[in-house]
Amino acid sequence: MADQLVNGGSGNYNFKVVLLGEGCVGKTSVVLRYVEDKFNEKHLTTLQATFLNKKLNIGGKRINLAIWDTAGQERFHALGPIYYRMSNGAVLVYDITDEDSFQKVKNWVKELKKMLGSEICLSIAGNKIDLGKERNVPVETAENYAASVGAMHFHTSAKQNIGIEEMFLELTQRMMQRAQEQEIQRASELTRTNSMRRNIVIVDEEETSPPSKSCCGT
Amino acid sequence: MYATKKASLRIDESYLMCKSLKCEFYGNEEWDGYCSLVLLEWTFHYLQILKEKHKSPVAGFTKFEEKKRQQSEKRHKLLKLGVFRKTTNSRGIFRLNEGIFGPDTKEVEAIRSEYQELFGKVGKTVETDIHKYISSFYKKLVIEVDNPNSSIEDLSERTQNFYQILTKKIEEEFIYRDVSNEYKEQLLDYTEKHAMTCLYRLLFCPPTTTDEDKDLNIQKRIRQLNWVSAKHVDCQIDETNTDVHDLVYSSITELLGMDSAKAPQDKLGCVVRCCRKILTLMQKCVGGPASADDFLPALIFVVLKANPARLKSNINYVTRFCNASRLMSGEGGYYFTNLCCAVSFIENLTAESLNMQEDEFRQYMDGKILPSSTWDSALVMCEGMHLMAENAAIFGDLRKRHEVVMNEISALKEEMLKFQDEIIVKVEQLRDEVPLILRPIRKPTDLDADDPHLPDLPPPLSPQIVTNNVTRDEKKSVDIESPESPEWHITSMPDQTLTSVTYDFDLSDHSGGETSICEDLGSNVIVQIIYFISSAETGSVHSLDLNAYHPTVPPLNKGIRFPDEFSLLDTEESPNSHLSLPPPLKPQPTPTYHGFSSQGWQIPSIPCDTGATHLAFDIEATGEENRKDEKN
């Protein structure tokens, strides 16, 4: 099912990306900066920043990113799995001035890994680098951690528009790569799922074929 | 078509008989694996007879009721067969039942008409093909539902597989090559809608699941949590704002509408509409694009306040039977996921998740304490605020209108004053230009009084004088026009022209009559005589009028009429009327007024033609006189 979702046929991709992060880390600002290229402005065209689509064209392939914002409050933490089920990528945002938010990211990564394994592509964004003076999360710590979990780390600032475009682009490329790998894998292995699918197809074909047979019979 | 099918069935039957022995077409390992072939054959034979009995030649969307019956019968038979179910399906033996789409005729018809335009665009072949898929899927699912071994998850998987296969087919098959992607999407949508509307009664909240219990549990739970306010869930809904208040209500309405929709995507549509409204209201409350941090608590709040019917069943139904590729991506999927989150949150709600003490929470749950700031009390507050706002708006409007009216009034006042002045000026002008002259009332003249002109008038015999003059003037002309005697005229005749001959005839005709005299006279004379007569007559009429009507007609009318008649008499006819005065005195007697008639002769001097003022007296006088006469 997930395969179907990713590859809508003819080389177009639909990716679902979840945005995780604590309440005040600036998830919404990041995604609005990316989709609308605006920050904290009154004339934002969207009514909401909860679900946004971004269309990309990479290497001649059309990609649609569906970016899902999630509620970051602690009390909703348990709901995480419902959100990031079937997602292809996750952007984990923390506030560089807030050590707690980084700890939260760690929790989410752990959960994501547990739920989706390595299927999901992760990006960690240290947001608000315009407030570099108040940094509480050391750069090395964050980057090392990201590397340890197989995620990419980016320094971003929604306010000054730093690193956000790059982060999403890189994530998209990784997701594409992952999707292509999966396609190849699927094609190469004539596994149960494949044969099953063929079986079903045959069933339907058989249903359509009898008319000709009966005609021959008469 | 029908005949050939029938024939093919018979052949099938014969094949079935010999199938296990030699026929390759039906010879199948699966068949060998099962119970005895005789039973198998018999069952098929029986089924076909049944089918032929009920089969309608028109395969389509008509006669659903009949087909439903047929379907249920078939199902019962198949239940007996049990193990053969899958095989028979895949064999396509039930192909004859194409067009069985369940009992929901009206809804299906509605869906069909809704998509009529689409099918008009994609063509007939595509339409038939799609319906073929739908019917085969429907049949499969109906059979599957009755299988006690198949769980709802199996059905869900079958459905999802069907969606996937159909997507692939539409993507790849030849007849769909001209169909645009947009239409393909719509075709899938139609298929899902159609199939699921038909299968709704079987797949929604099926008895095999615990959906109903879950529904009741969540309903009870939400009812217990009715004390939860927006603040408890950290929701920034401004309960006192009337706009927000209205939006909350409309979003609740949308959410409640989910239960009445049948197709999964329609249910999803309700969720989407509900969530969009919530986002709009959150945008108002937050003052910018709402994020998920604002949205989820608001959704939880709305779910708590709406307490939708069969919430769990609906969610499960959509999860199981909505096209997964749609549900897992797109806006609808996102909102639906949020709804699932909200429900999950409500189910697992604890004191901690509301940021309150365990004791307090328990007391709330047990209904021991009621918070002051519940939705209800907020509602009451809102109601007041709402009313106030409304009234304020009305007053504002009234004030504006009042101002407008006042302005208009002052304008009108000015205009009126202006108008008044203008009129005064104009009137003055007119007065100066055309001064009013009051003419003195003319004194009525006395008709019956002694006329001073009477002696001056020539006597009525004056025409004789004229004839004398004529005779004196010219002999010839007199000969023609006015001979004094007929004899004389005749003697002069032969001298004259032809015209005189005709005249002579005329004369001879009337010679004996009195009129001959008149004719003998000159034309002037005749005219004069006629004039005299007529004047005498009119005079008499006038006198009659005056004498006859005056006593009866009320004095007022007389007063008005009198001068008119008088002026008539006065101006033109007075000289003649005076001459002819004597004759009017004769006809005066009328049958009704005895007194008048009798006195008519005697009182020519009575001033009946005097002014209006004297008339009343006259009448009285005459009345008295009449009485006197009667007495006499």
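The structure presented is a predicted model; accordingly, all values stated were derived computationally and were not measured.

A. Summary view of the overall build of chain A. Each helix and strand counted, chain A has eight helices and six strands in total. For chain A, the α and β elements follow one another from N to C terminus as α-β-α-β-β-α-β-α-β-α-β-α-α-α. Expressed as a percentage of its 218 residues, the buried residues of chain A come to 47%. With an accessible surface of roughly 10400 Å², chain A has 51% of that area assigned to carbon and sulfur atoms.

B. Looking closely at the overall build of chain B. Scanning chain B from terminus to terminus reveals 28 helices and zero strands. The buried share of chain B, taken over its 632 residues, is 43%. For chain B, long-range pairs separated by at least 24 residues make up 75% of all intrachain contacts whose partners lie at least 6 apart in sequence. Within the structure as shown, chain B displays about 36000 Å² of accessible surface, and the carbon and sulfur contribution to it stands at 57%.

C. Highlighting the sheet that holds strand 4 (residues 89–95) of chain A. Residue and element names in this part refer to chain A. Here we have six strands laid out as an open sheet, ordered 2-3-1-4-5-6, and mixed in their pairing. Pairing within the sheet leaves two strands with one partner each, and these edge strands are strand 2 (51–58) and strand 6 (152–155). Neighbour to neighbour, the strand axes of the sheet diverge by 25° on average, direction disregarded. Here strand 5 (residues 121–127) runs beside strand 6; their pairing, made up of four bridges, is parallel. When the sheet's bridge partners are listed, serine 123 is paired in strand 6 with methionine 152. Most of the contacts of helix 4 (residues 99–116) go to strand 4, to which it runs at about 160°, and overall it touches strand 1 (13–21), strand 4 and strand 5. Where helix 5 (residues 139–148) meets the sheet, its contacts fall on strand 4, strand 5 and strand 6, and the angle it forms with strand 6 comes to roughly 150°.

D. Molecular detail of helix 12 (residues 242–257) of chain B. With 16 residues, helix 12 of chain B should cover 22 Å at 1.5 Å per step; its first-to-last C-alpha distance of 23 Å lies within 8% of that length. Those residues of helix 12 of chain B lying buried are Thr242(B), Val244(B), His245(B), Leu247(B), Val248(B), Ser251(B), Ile252(B), Glu254(B) and Leu255(B).

E. Broad picture of the state of the cysteines. All names here are of chain B. On inspection of all chains with the given rule, the structure shows zero disulfides over all chains. No disulfide involves cysteine 270; its sulfur sits 9.1 Å from the nearest other cysteine sulfur, which is in cysteine 274. Looking at the unpaired cysteine 340, the closest cysteine sulfur is the one in cysteine 341, lying at 6.9 Å.

F. Focus on the packing of aromatic side chains. Considering all chains together, one arrives at 20 aromatic pairs over all chains under this definition. Aromatic pair Tyr200(B) and Phe204(B): ring centres 4.9 Å apart, planes at 20°, arrangement stacked. For Tyr200(B), a relative accessible area of 9% gives the class buried. Take Phe204(B): its relative accessible area is 5%, and that puts it in the buried class. Judged by centre distance (5.8 Å) and plane angle (50°), the ring pair of Tyr317(B) and Phe321(B) falls under tilted. Linking Tyr317(B) with Phe321(B), this pair stays in helix 15 (residues 311–321), spanning four residues, or about one helical turn. Of the two residues, Tyr317(B) and Phe321(B), neither departs from the other in class, the shared state being buried. A connected cluster of aromatic rings, assembled from ring pairs, spans Phe51(A), Trp68(A), Phe295(B), Tyr334(B) and Tyr335(B).

G. Spotlight on the packing of helix 12 of chain B against helix 13 (residues 264–286) of chain B. Residues and elements named next belong to chain B. Following both chains from N to C, one finds helix 12 and helix 13 inclined at 165°, their axes separated by 8 Å at the closest point. By the angle between their axes, helix 12 is roughly antiparallel relative to helix 13. The two elements helix 12 and helix 13 cross, and the hand of that crossing is left-handed. Residues Asp243, Val244, Leu247, Val248, Ser250, Ser251, Glu254, Leu255 and Gly257 of helix 12 touch helix 13, and the partners they reach there are Cys270, Arg273, Cys274, Lys277, Ile278, Thr280, Leu281, Lys284 and Cys285. Looking at the contact of helix 12 with helix 13 residue by residue, the classes come out as nine nonpolar, four polar and five charged.

H. Layout of a nonpolar patch on the surface. There is a patch of nonpolar side chains on the surface, built from Ile394(B), Phe395(B) and Leu398(B) and spanning about 310 Å² of accessible area. Here Leu398(B) shows up in helix 19 (residues 375–433).

I. Spotlight on the environment of Glu144(B). All names here are of chain B. Secondary-structure assignment places glutamate 144 in helix 8 (residues 124–146). Taking the C-alpha atoms as reference points, glutamate 144 and aspartate 154, separated by ten residues in sequence, lie 8.7 Å from one another. The contacts of glutamate 144, once residues within four sequence positions are left out, are Ser150, Leu155 and Arg158. A polar atom in the side chain of glutamate 144 sits 3.3 Å from the side chain of arginine 158.

J. Quick peek at the packing of helix 15 of chain B against helix 17 (residues 330–347) of chain B. Residue and element names in this part refer to chain B. The geometry of helix 15 relative to helix 17 is characterised by a closest axis approach of 11 Å and an angle of 140° between their N-to-C directions. Classed by the angle they form, the pair helix 15 and helix 17 counts as oblique. Along this stretch, helix 15 crosses helix 17, giving a crossing that reads as left-handed. On the side of helix 15, the interface is formed by Leu311, Lys312, Ile315, Val318 and Thr319, while helix 17 contributes Phe336, Leu339, Cys340, Val343 and Glu347. For the contact of helix 15 with helix 17, a count of residues per class yields seven nonpolar, one polar and two charged.

K. Spotlight on unusual backbone geometry. Not every positive phi belongs to a glycine, and Met86(A) is a case in point at roughly 65°. Tracing the backbone through its elements, the reader meets Met86(A) in the loop between helix 3 (80–84) and strand 4. Residue Met86(A) is classed as partly exposed on the basis of its relative accessible area, which comes to 21%. Although it is not a glycine, Arg310(B) adopts a positive phi angle of roughly 50°. Tracing the chain through its elements places Arg310(B) in the loop between helix 14 (292–306) and helix 15. Arg310(B) sits in the partly exposed class, given a relative accessible area of 35%.

L. Inspection of the pairing of strand 2 of chain A at higher detail. All names here are of chain A. When strand 2 meets strand 3 (residues 61–69), the two strands line up antiparallel, connected through eight bridges. When the sheet's bridge partners are listed, leucine 56 is paired in strand 3 with isoleucine 63. Linking strand 2 to strand 3, which pair antiparallel, is a turn of two residues; within it glycine 59 sits at a positive phi near 60°.

What counts and how
- Per-chain numbering applies: the sequence of each chain, read as written, is numbered from 1 onward.
- A letter from A marks each chain and a number from 1 marks each ligand, given out in the order of writing.
- Under the rules for a predicted model, residues below a pLDDT of 70 receive no local features and side-chain atom pairs below 80 are neither given nor counted, while totals for whole chains, interfaces and linings still include all residues.
- Only heavy atoms go into the side-chain values, all of them from the structure, while hydrogens and water stay out.
- The helix and strand labels rest on DSSP assignments: H or I over at least four residues marks a helix, E over at least two residues marks a strand, and numbering proceeds from the N terminus.
- A simple rule labels every residue: compare its accessible area, found with a 1.4 Å probe on the protein chains alone, to the largest value its type can have, and call it buried under 20%, exposed over 50%, or partly exposed in between.
- Every accessible area reported is derived by Shrake-Rupley at a probe size of 1.4 Å, with residue values counting cover from the shown protein chains alone.
- The contact definition used throughout considers only heavy atoms, calling two residues in contact when any of these lie within 4.5 Å.
- Only strands that DSSP links by at least two bridges are regarded as paired with each other.
- Only the stretch in contact is used when a helix axis is fitted, and all axes are lines through C-alpha atoms; the angle between N-to-C directions ranges over 0 to 180 degrees.
- To estimate how far a helix should extend, the number of its residues minus one is multiplied by 1.5 Å.
- When the sulfur atoms of two cysteines come within 2.5 Å, that pair is taken as a disulfide.
- By convention, a stacked pair of Phe, Tyr or Trp rings (six-membered ring in the case of Trp) has centres within 6.5 Å and planes under 30 degrees apart, an edge-to-face pair has planes over 60 apart, and any other such pair is tilted.
- Any angle that falls under 35 degrees is termed roughly parallel, while one over 145 is termed roughly antiparallel, one within 65 to 115 roughly perpendicular, and all others oblique.
- Left-handed describes a crossing whose near helix is turned anticlockwise from the far helix by less than a right angle; the clockwise case is right-handed.
- When residue character is reported, Ala, Val, Leu, Ile, Met, Phe, Trp, Tyr, Cys and Pro are called nonpolar, Asp, Glu, Lys and Arg charged, and the others, Gly included, polar.
- Distance thresholds for patches are 9 Å for like charges and 5 Å for nonpolar side chains (Val, Leu, Ile, Met, Phe, Trp, Tyr), applied to residues having over 30% relative accessible area and no salt bridge.
- The working definition used for a salt bridge is a side-chain nitrogen of Lys or Arg within 4 Å of a carboxyl oxygen of Asp or Glu.
- Any pair of N or O atoms that falls within 3.5 Å is considered a polar contact. Within protein, one atom must be able to donate a hydrogen and the other to accept it, and sequence-neighbouring residues count only if both atoms are side-chain atoms.

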